[in-house]
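# Topology and contacts: notes
One letter stands for each residue in the lines below.
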Amino acid sequence: MSDPTKPRDPATIWTPDEARGLAPARRRLADRRILVVGAGSQPCDDPDPPVGNGRAIALLSAREGATVSCVDRDAQAASLTRDQIEAQGGRANVIVADASKEEDCEKLVSDAVRELGGLDGVVLNVGFGLGRGLAGTSPQHWDQVFAVNLRSHFLIARAAMPHLNAGASLVFISSTASLRPGTNVPAYDASKAGMEGLCRHVAFEGSRRGIRANIVAPGLMDTPLGRVASRGRPSRATTPVPLGRQGTGWEVAYSTVFLLSNEASYITGQVIVVDGGLSALR
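Here's what I pulled together on the structure shown here. Just so you know, these numbers come straight off a predicted model, no measurement behind them.

About the criteria used
- Residues numbered from 1 in each chain as written.
- Predicted model: local features only at pLDDT ≥ 70, side-chain atom pairs only at ≥ 80, totals over all residues.
- Heavy atoms only, no water.
- Helix = DSSP H or I, 4+ residues; strand = E, 2+ residues; numbered from the N terminus.
- Buried < 20%, exposed > 50% of the residue type's maximum accessible area, 1.4 Å probe, protein only.
- Contact = heavy atoms within 4.5 Å.
- Patch = residues over 30% accessible without salt bridge, like charges linked within 9 Å, V, L, I, M, F, W, Y side chains within 5 Å.
- Areas by Shrake-Rupley, 256 points an atom, 1.4 Å probe, with all protein chains shown as cover.
- Salt bridge = Lys/Arg side-chain N within 4 Å of Asp/Glu carboxyl O.
- Core = buried A, V, L, I, M, F, W, Y, C linked by side-chain atoms within 4.5 Å.
- Axes fitted to C-alpha atoms, helices over the stretch in contact; angles between N-to-C directions.
- Parallel < 35°, antiparallel > 145°, perpendicular 65-115°, else oblique.
- Left-handed = near helix turned anticlockwise from the far one by under 90°.
- Expected span 1.5 Å × (residues − 1).
- Pairing = 2+ DSSP bridges.
- Disulfide = S-S within 2.5 Å.
- Phe/Tyr/Trp six-rings, centres within 6.5 Å; stacked < 30°, edge-to-face > 60°.
- Right-handed = clockwise from strand over helix to strand, strands pointing away.

## A word on the side chain of N53
One can find N53 in helix α1 (residues 53-63). A residue is classified by how much of its surface remains accessible, and N53, at 17% relative accessible area, is buried. Residues contacting N53, with those up to four places away along its chain left out, are N125, P218, T223, G249 and V252.

Structural data, given as structure tokens:
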């Protein structure tokens, strides 16, 4: 019997086309109007850089038939996502906004509604961490992280709710850090855990009008941000994930598109964990 704590032989690891962003489109979001907050991707100097979660979500939503508002505080990153969507025959626009600012959170929703003519889905994919351990986390670190990781989600959901019709969906991108310790960044872990309470309230309030809200919680992902994290903590790259590899931004995107689509019409207030079995089997 093989030792599940040891790295898998790469030859035995199955990676489908969906995980590589190569599967054909299925029109699952045909004619939907989707707002993706955090649709850019962190720059990566690697010769063959992986896709980030937000960019993959925006690209896949467009491939599946949606028109996408690509929001990011980095205009160049958001524009590159839009350009890639349009190069593939999709429709997208760019909105530049800083999710740490209350006025930007409200304005990005009104801008998206104007550009798209309404809203059928919102994806909230912004978050970061500051500090190290309790002693290394200042009150300023805590407030900065919560402003982006949790307050912005509340503000955007509050602004979007009046514009959403029955069948609309909000998807919060969280992290397995909300489920178990490990990052040693308490502000990050706590803000991600708080997202579950917010999501449940949004789902409860939205249910009166047929609006759903759910969370996707990625684990160890091979994204530009993930590679930065692995350079800072090399042991991250050798974590024994039960499925034998890190996930990809496309796998986060497929879970998100599922929750945005009518395939998930009876799912709300839930957390889908995308971590290769790490949190459940380790």
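## Regarding a nonpolar patch on the surface
Taken together, the side chains of L179, V271 and V273 present a nonpolar region at the surface, about 190 Å² in accessible area. Here L179 lies in the loop between β5 (164-173) and α5 (186-207).

## A look at the nonpolar core
Formed by 38 residues in total, the largest nonpolar core has its most connected members in L35, L108, V109, L119, V122, L170 and F172. For this core, the element with the highest residue contribution is helix α4 (residues 139-160), accounting for eight residues. With 31 residues, the next largest nonpolar core counts A23, L29, I34 and V257 among its residues.

## Regarding the packing of α1 against helix α2 (residues 75-87)
The geometry of α1 relative to α2 is characterised by a closest axis approach of 9 Å and an angle of 30 degrees between their N-to-C directions. In terms of their interaxial angle, α1 and α2 are classed as roughly parallel. Of the two possible hands of crossing, α1 and α2 adopt the one that is right-handed. On the side of α1, the interface is formed by R55, A58, L59 and A62, while α2 contributes A77, L80, T81, Q84 and I85.

## Overview of helix α3 (residues 102-116)
Compared with the 21 Å implied by 1.5 Å per residue over 15 residues, the 22 Å span of α3 between its first and last C-alpha is a close match. Turning to α3, its buried residues number three or more, namely D104, C105, L108, V109, D111, A112, V113 and L116. Looking at the buried positions of α3, the neighbouring elements they touch are β1 (33-37), β2 (67-72), β3 (91-96), β4 (119-124) and α4. Of the residues one or two after α3, G117 is the one with positive phi, at around 80 degrees.

## Focus: the sheet that holds β2
Read across the sheet, seven strands follow the order β3-β2-β1-β4-β5-β6-β9 without closing on themselves; strand pairing throughout is parallel. Whereas interior strands pair on both sides, the edge strands pair on one side only; in this sheet they are β3 and β9 (271-274). Each neighbouring strand pair of the sheet contributes to a mean axis angle of 20 degrees, computed without reference to strand direction. Looking at chain direction, strand β6 (residues 212-218) and β9 are connected through four bridges and run parallel. Looking across to β9, one finds that P218 is bridged to V274. Sitting on the sheet, α2 is in contact with β2 and β3, with an inclination near 175 degrees to β3.

## With respect to α1
With 10 of 11 residues buried, α1 is to be regarded as a mostly interior element. G65 sits one or two positions beyond α1 and adopts a positive phi of about 110 degrees.

## A few points about the environment of V228
Locating V228 in the fold gives a position in helix α6 (residues 224-232). Sequence separation of V228 and P49 is 179 residues, and the distance between their C-alpha atoms is 12 Å.

## Section: the state of the cysteines
Counted under the stated rule, the structure contains zero disulfides. Not engaged in a disulfide, the cysteine C70 finds its nearest cysteine sulfur in C105; these two sulfurs lie 17 Å apart. According to the relative accessible area criterion, C70 is buried, its value standing at 0%. Of all cysteine sulfurs in the structure, the one in C105 sits closest to C199, which takes part in no disulfide; the separation is 17 Å.

## Re the packing of aromatic side chains
Summed over all chains, the structure comprises one aromatic pair. Ring geometry for W142 versus F146: centroids 4.7 Å apart, planes at 20 degrees, classification stacked. On the criterion of helical spacing, the pair formed by W142 and F146 is a turn pair, its members being four residues apart in helix α4. Under the relative-accessibility criterion, W142 is labelled partly exposed at 34%.

## Structural notes on the pairing of β1
For β1, a buried count of four out of five residues is recorded, marking the element as mostly surrounded by other parts of the structure. Taken together, the five bridges between β1 and β2 define a ladder with parallel strand orientation. Of the residues in β2, the one forming a bridge with V37 is V71. In this fold, β1 hands off to α1, which returns the chain to β2; that crossover is right-handed. Here four bridges tie β1 to β4, and the two strands are oriented parallel to one another. The residue bridging L35 from the neighbouring strand is V122, located in β4.

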